[in-house]
Amino acid sequence: MTDVRTRTVDLPEVTLAYRESGRPGGPALVLLHALGERAADWDTVLPELAPGHHVYALDLRGHGDSARTAAYALEAMRDDVLAFLDALGLARVDLVGHSMGGAVAYLLAQAAPERIDRLVLEEIPALYPRPASAPPEDPDPDVHFDWAAVRAVKAQLDDPDPAWREGLAGITARTLAVAGGPASHVPQERIAELAGLIPDCRLVTVEAGHLVHGARPAGFVAAVAPFLAR
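So, here is what we can say about the structure in this document. The shown structure was predicted, so the numbers you read here are calculated from the model rather than taken from an experiment.

Let us look at the overall build of the protein. Across its full length, the protein holds 7 helices and 8 strands. A compact globule built from 230 residues should have a C-alpha radius of gyration of about 17 Å, and the protein, at 16 Å, falls within 12% of that. For the protein, buried positions account for 53% of its 230 residues. Expressed as a percentage of contacts within the protein between residues at least 6 apart in sequence, the contacts between residues at least 24 apart total 74%. Working note: accessible area of the protein is about 9,700 Å², and carbon and sulfur atoms make up 53% of it. Side chains of the protein give 20 positive and 32 negative charges; the mean places of these two sets differ by 6 Å.

What follows concerns the pairing of strand E8 (residues 201-205). Side chains on a regular strand alternate between the two faces of the sheet. In the sheet, strand E7 (residues 174-179) pairs with E8 via 5 bridges, with the strands oriented parallel. Bridging from a neighbouring strand, Ala177 pairs with Leu203 of E8.

With that out of the way, let us pick up the environment of Asp65. The residue Asp65 is located in the loop between strand E4 (54-58) and helix H1 (74-87) in this model. Asp65 sits in the exposed class, given a relative accessible area of 62%. When residues no more than four places from it in sequence are discounted, the contact partners of Asp65 are Ala17 and Asp59.

In the segment running from Leu46 into Pro47, the intervening peptide bond is cis, with an omega of 0 degrees. Counting through the fold element by element, Pro47 comes out in the loop between strand E3 (28-32) and E4. Of note, the phi angle at Ser99 is positive, near 55 degrees, even though the residue is not glycine. Turning to its location among the elements, Ser99 is positioned in the loop between strand E5 (93-98) and helix H2 (100-111). A positive phi is found at Glu123, a non-glycine position, where the angle reads about 55 degrees.

Attention now goes to the environment of Glu189. You can see Glu189 is positioned in helix H5 (residues 188-197). Each C-alpha atom, one on Glu189 and one on Ala28, is 31 Å from the other, the two residues being 161 residues apart in sequence.

Here we come to the pattern of salt bridges. Evaluated as defined, the whole model comprises 10 salt bridges. Across the pair Arg78 and Asp79 runs a salt bridge, and its minimum N-O distance is 3.0 Å. Salt bridges linked by common partners bring Arg92, Asp117 and Arg118 together as one network.

Throughout the structure, instances matching the rule amount to 5 aromatic pairs. Judged by centre distance (6.2 Å) and plane angle (45 degrees), the ring pair of Tyr18 and Tyr56 falls under tilted. Here Tyr18, found in strand E2 (residues 15-22), pairs with Tyr56, found in strand E4; they are 38 residues apart in sequence, far enough to count as distant. Residues Tyr18 and Tyr56 agree in their burial class; the two are buried. On the numbers, 5.0 Å between centres and 70 degrees between planes, the contact of Phe145 with Trp147 is edge-to-face. Trp147 carries the same exposure label as Phe145, and that label is buried. The structure contains a cluster of three or more aromatic residues connected by ring pairs, namely Tyr18, Tyr56 and Phe84. Residue placement shows Arg165 over the ring face of Tyr128; its charged tip is 3.9 Å from the ring centre. Cation over ring: Arg190 sits above Tyr128, and NZ or CZ is 3.9 Å from the ring centre.

This part is about H1. For H1, spanning 14 residues, the distance from its first C-alpha to its last is 20 Å, which sits close to the expected 20 Å at 1.5 Å a residue. Of all the positions in H1, only Leu74, Ala76, Met77, Arg78, Asp80, Val81, Ala83, Phe84 and Leu85 are classed as buried. In the stretch just after H1, Gly89 is the one whose phi turns positive, near 70 degrees.

Let us now look at the nonpolar core. By size, the foremost hydrophobic cluster in this structure holds 51 residues, and its most contacted members are Leu32, Leu58, Leu74, Phe84, Tyr106 and Leu119. With 8 residues, the top contributor of residues to this core is H2. The contacts of Leu32, once residues within four sequence positions are left out, are Trp42, Leu58, Leu60, Val81, Leu95, Val96, Gly97, His98, Gly101, Val104 and Ala105. Formed by 25 residues, the second largest nonpolar core is a distinct cluster that contains Trp42, Ala50, Val204 and Val224.

Conventions used here
- Residues numbered from 1 in each chain as written.
- Predicted model: local features only at pLDDT ≥ 70, side-chain atom pairs only at ≥ 80, totals over all residues.
- Heavy atoms only, no water.
- Helix = DSSP H or I, 4+ residues; strand = E, 2+ residues; numbered from the N terminus.
- Rg over C-alpha atoms; globule rule 2.2 N^0.38 Å.
- Buried < 20%, exposed > 50% of the residue type's maximum accessible area, 1.4 Å probe, protein only.
- Contact = heavy atoms within 4.5 Å.
- Areas by Shrake-Rupley, 256 points an atom, 1.4 Å probe, with all protein chains shown as cover.
- Lys, Arg positive; Asp, Glu negative; His and termini not counted.
- Charge placed at Lys NZ, Arg CZ, Asp CG, Glu CD.
- Pairing = 2+ DSSP bridges.
- Salt bridge = Lys/Arg side-chain N within 4 Å of Asp/Glu carboxyl O.
- Phe/Tyr/Trp six-rings, centres within 6.5 Å; stacked < 30°, edge-to-face > 60°.
- Lys NZ or Arg CZ within 6 Å of the ring centre and 35° of its normal.
- Expected span 1.5 Å × (residues − 1).
- Core = buried A, V, L, I, M, F, W, Y, C linked by side-chain atoms within 4.5 Å.

Spelled out as structure tokens, the structure:
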């Protein structure tokens, strides 16, 4: 049973909730969830994911127990994570992001390469414009996220800034891209393209669909834990 401590931190722009676990004093590992998820989504792969790490699983703004805000740009989420690292005195971390969290992770790795050692990008492709998608017209209000965040993030992912893709070449972190195979709705050739654009990146496929660490936690751990091991 993993000992998980729930905490909050007040940052300049937002108050973030996070779940802390693992070995005190170990190398820091930060986990970023997908759109509409929260920090507890990673519980399926703790503690096997990184038993030697000190783990911080964040609720990104507008999700879980973190504050709701007026703006939900991915760049704002990136800046929140950087402010979180500063607030906790984490000079350099390993970073794992799933889907939306993967986009936030690689934006951070572009903006502050000196802060990231190892980077894991689960089911996030090289982003190109795509047909617009939309949340339900009458969304369920009894959820653990802000529907405004869903609308804002979907709009950005539908029409991404080309600089995000161009910036992949500037990532210096050792990187692992995790693909979910043909059962995923994400074009697998775009994940392969992302892996090719990042200078030091290896691609691994775990046949699980988009929710790799949730659907096949053992397969995800088998792929990622050795990569994170010191």
